[in-house]
Amino acid sequence: MWKLVKTIFLIGERGKSVLIYGLLRKFSSEGLRVGYFKPISKARYKLPSMTYIDPDVITLKQALNLEDSLEDMNPIIITRSILNFKNNIESLKKRIEEAYSRIASGKDVVLAESYPNLEVMTSIGFPLPQLTKMLNAKTVFVLNVKERDVVDEVVDKLILYNCYFEYHGAKIDGVIVNNVPIYYSERVEDVIVPEIERLGLKVYGVIREKARLTAPTVSDIVEALNAEILENKDKLNNIVEDILIGAMAPTAALRWLRRAINAAIVTGGDRTDLIITALETKPSVVILTGGLYPDISVLVKARETGTPILLVPYDTYTTVEKLREVQSIITPSSLKAKETDILETIEKEVKWKELLQ
Amino acid sequence: MKELFKPKSIAVIGASREPGKVGYVVLKNIIESGYKGEVYPVNPRADKILGLNAYKSILEVSSDIDLAVIVVPAQAVLDVMEECGKKGVKYAVIISAGFKEIGGEGVEREKKLIEIAKKYGVRVVGPNCLGIMDLHTPLNATFTSTPGVKGGVAFVSQSGALLSAILDWAPRVGVGFSKIVSLGNKADLNEADFLAYLGEDLETKVILLYLESIDQGRRFVEVGSTVTRKKPIILLKGGVTEAGAKAALSHTGAMAGGVTALRAALKKAGIIQVSTVSELFDMAIAFNSQPIPMGSRIGIVTNAGGGGVIVSDLLISRGLKLAELSKHTIEYLRSTLPPVASVYNPVDVIGDARADRYKIAIEALLRDPNVNALLVILTPQVVTEPEETAKVIVELSRKYPSKPILAVFIGGERVEKAIRILVENNIPVYDMPERAVAAILGLTEYSEIREYLEKALERVEIFDVDKEGALAIIEEVKKQNRRVLLEHEAKEVVKYYGIPVAPTKLAVSEERAVEIARRVGYPVVVKIASPDIIHKSDIGGVFLGLKSDEEVIEAFRTIILNAKRYMPTAMIQGVTVQKMVPKGREVIIGASKDPIFGHILMFGLGGVYTELFKDVSFRLAPLSLREAREMITETKAYALLRGFRGEPPADINAIVNVLLRVSKLVTDIPQIVEMDINPLFVYEEGVGAIAVDVRIITE
């Protein structure tokens, strides 16, 4: 058995939560007891108890069946002000420390996740490097390559943050290069990776761009849109990867319908021809807008093809906006839907054993 | 289907004692139709119904039952079917409603119904139908109140209500029926099954269909093309929407599911399509009693100049020809008709014509070999003799049985008796010229169809294809959870089917792009490779005529940037590098899978012309050699390809070859739902053609 690192702190750009889910699944399948810790998060969601919470934390707790309390997994939630914390940094640190010790007790490994902005709380004298030191964590920077027009920029960014960490007496241990499009692959492997290694940082993984590593299920959509299920109540596990608006004549729409994979088709309930045509292309779900109840033939066809039909009161535009929101968050079912892909990615493209050493 | 239309015994399950109930009407109709076999009413709460002994269950009947007519409530149908199965019933006509048409539980019930029927081998008509009729048996197992008249017209309808209305109306115009079928939900037996049977049925001369949906498109076309060689099939298709007809036909993808697919299918099946109920029956009247004309040249005899002009206009506007009378006929008419009469076609015997003058003109035209079919128009004027003229028509029709005669008697009371004479003597008669023209159009169309089907449909065999190779690529794409093939993959697929393509490779980096460009040789074309981007040039994803490494590198960078900017969510796989081929004349060849009829093929002139002029032709796959040729010759583009104003002719045989190979490809690999070769560069005669861009989408 190798010597284990207790805490790995993933910092950096988009795509961390899915990575953390995959790593924790991997670790626990290796027999390790795992924990998840997000010391500081941004408030995005209000619980019925009127307390704020980051929905990703709930999702990871549910998806991984973690027993720790939400308050321990995510002790500090920033709602509006950061500067207000200035006067009670000590109690803030104490809260984090205590929560962490509860999370860490009885665990073999804890994955911590940073706030989206790495500079957070520098203003009040409690910068991220200090936090990673406090937790005695191994810090891994997640870089997102896809969003850049000039891929070499990632190295500049890395150097900047490396300086920031060194300035505060901490260090970045390594990097995971995430979301690498095919057309950047050769550059990343031949130029970027050696450059990073020359900086004295380890490269724990190069992850290729995937079409989608998470996808909401129809039941996520039902919940988010507060939709009425008109047909196939028992078939809500389909995943939704694409959104298509049916506004054209059915024959013209076929071109788009046929190209889409696991699509949600959004259209008016009165567009019988179009819906019937759409059902032929095996979409994941058909969402009828404007509260318009469809023709009986639509429901008959849907029953035959096994496609769920949802009815929502919103107009098409609002519906699509809400769908995009659902797509951008991760839910327990959306992680499970693509679990095989996620685990395969971890297995093939991340040096997960080295992360633990 | 002998046991359905001519059963030895019938059980009416759900027979009722109460007049007005469906179970009562059906039983009464069977008895009153003069049915000679055994009839067993089944009703657990009755001893006798309409004078017949009633049974608690069909299982209590000791003798064999051929046909069960089921009218019990939907909830009870499944149990009843189970009993029918045990009893060994051959056919069940299920009149009861409450199945698929109500959705929800009804869908499940229909599914179970079919399971039971399959288990016991019972064939089912309906459910949710009006019943069936055979006027020759005679048997009326429907709940309509009109019995109908015996004749040679078979009518198969998806609408029960339309059936009752037609039955009520038919005797007035002289339509007699052989068999009548109300299809209902078509849970088991559908239009194709009945077509196959009626095609062989000696009592049926013409088959009329009213359909709202077609269930097994491929089979429908196959059966149709066999049957139409023997007798005409006329179809009125409901639910052909205007929106569908208007949809832009310039894209391959727009072809499926709509009117185009239906037309292509009917063409292949040789089925005549009409768009009104009136046309359906106007044609039926003519087919029922008249021979099929040998051509489309029509002779007209009229006593009103106006009538002649109107009919001529109608005929010509609908693609028929006015017969040019022979010199002999003209001279004969000139010597026998009054000097003011018109002796050219349309022959105007003028207002004061009595029956004898009609006789001279009609007989002269019937004898003229230049006339294939005859229209006789009569308007009641002062000395006109409608009844006598009708008798003349009847007499001459018998004398010349090989040429069809159709009468148009325009008027009210004064022609009423004459019309009755014509109807009773099997001469089709119409009250308005346009109706007669529709009918004669049907007759000539059918004569063309019969001739066409003989020649058109022989298969072509293409052997030099590699199906396994093509399938391997498609399987690999499927494994990657993609429906869209990238350009280099699509080209590889068509190459396996012997279609020449411009060499194309995928490059994932600038360096690879340059390597490939050097290998295939400059100049090259570089295009974005992404399954999510349909219109590559619209997003700045195509660069043509690149001549150096530097240009290729620049193109690679720009294309990736453009694609990311215009479609940030698109999955970009790199770029394809393709050897630039010499410019030829651009055409498009496409295929799209229709959910009902299968693949339809498209041919059209390439570039902007397709969209601008909609100059495209369609056929249902698989193509025969003749169909492939027709697809090209029937477009306006043909004139350009043949060589316009001194331009050398293009290699039309090469286009035919590609069409046949695309047809073979989509027939062999039906997972391809859409594909197009756009453009196909066609070179001068003998030089060939080459596919410059190919798109394929799979299921």
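Residues numbered from 1 in each chain as written. Chains lettered and ligands numbered in written order. Predicted model: local features only at pLDDT ≥ 70, side-chain atom pairs only at ≥ 80, totals over all residues. Heavy atoms only, no water.

Looking only at helices and strands, chain B features 24 helices and 30 strands. Along the first, second and third principal axes, the C-alpha set of chain B runs to 95 × 80 × 40 Å. Taken over 699 residues, chain B has a buried fraction of 59%. Of the roughly 28300 Å² of accessible surface on chain B, a fraction of 53% belongs to carbon and sulfur atoms. Side chains of chain B give 86 positive and 86 negative charges; the mean places of these two sets differ by 2 Å. (Helix = DSSP H or I, 4+ residues; strand = E, 2+ residues; numbered from the N terminus. Buried < 20%, exposed > 50% of the residue type's maximum accessible area, 1.4 Å probe, protein only. Areas by Shrake-Rupley, 256 points an atom, 1.4 Å probe, with all protein chains shown as cover. Lys, Arg positive; Asp, Glu negative; His and termini not counted. Charge placed at Lys NZ, Arg CZ, Asp CG, Glu CD.)

Listed as interface residues are 30 residues of chain A and, on the opposing side, 48 residues of chain B. Summing the contributions of chain A and of chain B, the shared interface buries around 3200 Å²; its carbon and sulfur component is 53%. Among the residues chain A hides against chain B, the three largest losses belong to Tyr183, Arg255 and Arg258 of chain A. Together they make up 25% of the total. Note that Lys100 of chain B is salt-bridged to Glu304 of chain A, the shortest N-O span being 2.8 Å. Taken together, chain A and chain B are joined by 15 residue pairs in polar contact (both at pLDDT 80 or more). Of all elements in the fold, only helix H7 (182–198), helix H9 (250–259), helix H10 (272–280) and helix H11 (296–305) of chain A reach the threshold of two or more residues within the side of chain A that touches chain B. (Contact = heavy atoms within 4.5 Å. Buried area = accessible area lost by both parts, 1.4 Å probe. Salt bridge = Lys/Arg side-chain N within 4 Å of Asp/Glu carboxyl O. Polar contact = N/O pair within 3.5 Å; in protein donor to acceptor, adjacent residues only side chain to side chain.)

Next up on the list: the packing of helix H12 (residues 327–336) of chain B against helix H13 (residues 355–367) of chain B. In a packed pair of helices, the relevant descriptors are the angle between the two axes and the axis-to-axis distance. Residues and elements named next belong to chain B. Contact geometry for H12 and H13: axes closest at 10 Å, N-to-C directions at 170 degrees. The angle between the axes of H12 and H13 places the two elements in the roughly antiparallel class. Here Thr329, Tyr332, Leu333 and Thr336 of H12 lie close against H13, whose contacting residues are Ile360, Ala361, Ala364 and Leu365. Of the residues belonging to the contact of H12 with H13, the class tally is 6 nonpolar, 2 polar and no charged. (Axes fitted to C-alpha atoms, helices over the stretch in contact; angles between N-to-C directions. Parallel < 35°, antiparallel > 145°, perpendicular 65-115°, else oblique. Nonpolar A, V, L, I, M, F, W, Y, C, P; charged D, E, K, R; others polar.)

Residues and elements named next belong to chain A. The strand order across the open sheet built from 6 strands is E2-E7-E1-E8-E9-E10, with neighbouring strands paired in parallel fashion. Pairing within the sheet leaves two strands with one partner each, and these edge strands are strand E2 (34–37) and strand E10 (202–208). Each adjacent strand pair in this sheet contributes to an overall mean axis angle of 20 degrees, direction not counted. Note that strand E1 (residues 7–12) and strand E7 (residues 109–113) share 4 bridges and pair parallel. Looking across to E7, one finds that Leu10 is bridged to Glu113. Of the strands in this sheet, E1, E2, E7, strand E8 (138–144), strand E9 (174–180) and E10 are in contact with helix H1 (residues 16–29), which crosses E7 at around 175 degrees. (Pairing = 2+ DSSP bridges.)

Let us look at the domain arrangement of chain B. Residue and element names in this part refer to chain B. Under the domain assignment used here, chain B contains domain 1 (1–129), domain 2 (144–289), domain 3 (291–456), domain 4 (467–579) and domain 5 (585–698). A separation of 23 Å is found between the C-alpha centroids of domain 4 and domain 5. In this complex, domain 4 contributes 24 residues to the contact, which on the side of domain 5 involves 21 residues. Between domain 4 and domain 5 we count 2 salt bridges in total. (Domains from an automatic or database assignment.)

Residue Pro138 of chain B follows Thr137 of chain B across a cis peptide bond; omega there is -10 degrees. Relative to the elements of secondary structure, Pro138 of chain B occurs in the loop between strand E8 (131–134) and strand E9 (139–142). Looking along the chain, the bond that leaves Ala621 of chain B and enters Pro622 of chain B is cis, with omega of -5 degrees. Inspection of the secondary structure puts Pro622 of chain B in the loop between strand E27 (616–620) and helix H22 (625–633). We note that Asn232 of chain A has phi near 60 degrees; this positive angle belongs to a residue other than glycine.

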